Amino acid sequence: MLIPLVILGLPLAEIAGFVIVGREIGLAMTLLLVLLSAIAGVVLLRVQGFAVIRRVQEATRTGSDPGREVLGGALMFVAALLLMVPGFISDIFGLLLFVPPVRQAIASYLRSRMTVVTAASSQSWHGPSHAPQERNQPRVIDLGEGEFSRTEDDDVNPPEERRRQ
């Protein structure tokens, strides 16, 4: 019930905002503000985006969980998009997301509402020099009950021995 109201209400509120601001400062200044907020969104996305990428790379390099940086980066992306969308209400929410305490509060709320599953590998990939060692490891294929069949020959002559023959 809330989502349809937001979907219908936000554009109407943005139009009302344009009318109110346009009446106070004029059409040219209103359009200039919309253009400047879009440019600010693009610039902030570029600057903050590279910073987030560096922080995620550093977190993965040190072996720590990059989830906090990824969530912060996603919120920064949403903030930049809100600044790029024409409208003063979306600009206000976008600017609020650029404020670190507000972003951290929203991130902790989101973290409390979701479950994050990470898979850590004990092996690390060091390039093609380790590829032959990986190929020498036994290959394990996990099959369900109905996905394989046995023959009488398997009991007498196992598949490993048949390959050698």
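See the structure shown above.
Residues numbered from 1 in each chain as written. Predicted model: local features only at pLDDT ≥ 70, side-chain atom pairs only at ≥ 80, totals over all residues. Heavy atoms only, no water.

Below, the discussion takes up the packing of helix α2 (residues 27-62) against helix α4 (residues 88-98). Two elements in contact, α2 and α4, have axes whose closest approach is 11 Å; the angle formed by their N-to-C orientations is 30 degrees. In terms of orientation, α2 lies roughly parallel with respect to α4. The hand of the α2/α4 crossing is left-handed. Residues T30, L33, V34, S37, L44 and Q48 of α2 form the contact with α4, whose own contacting residues are F88, D91 and F98. Across the contact of α2 with α4, the residue classes break down as 5 nonpolar, 3 polar and 1 charged. (Axes fitted to C-alpha atoms, helices over the stretch in contact; angles between N-to-C directions. Helix = DSSP H or I, 4+ residues; strand = E, 2+ residues; numbered from the N terminus. Parallel < 35°, antiparallel > 145°, perpendicular 65-115°, else oblique. Left-handed = near helix turned anticlockwise from the far one by under 90°. Contact = heavy atoms within 4.5 Å. Nonpolar A, V, L, I, M, F, W, Y, C, P; charged D, E, K, R; others polar.)

Remark: the centre distance and the inter-plane angle together describe each pair of aromatic rings, the angle taken between the planes. Scanning the model with the defined rule gives 1 aromatic pair in all. Seen from their ring centres, F18 and F88 are 5.5 Å apart, and the 65 degrees between their planes marks the pair as edge-to-face. Highlighted residues: F18 in helix α1 (residues 2-25) and F88 in helix α4, separated in sequence by 70 residues. The partly exposed category is assigned to F18, whose relative accessible area is 28%. Since its relative accessible area comes to 17%, F88 is described here as buried. (Phe/Tyr/Trp six-rings, centres within 6.5 Å; stacked < 30°, edge-to-face > 60°. Buried < 20%, exposed > 50% of the residue type's maximum accessible area, 1.4 Å probe, protein only.)

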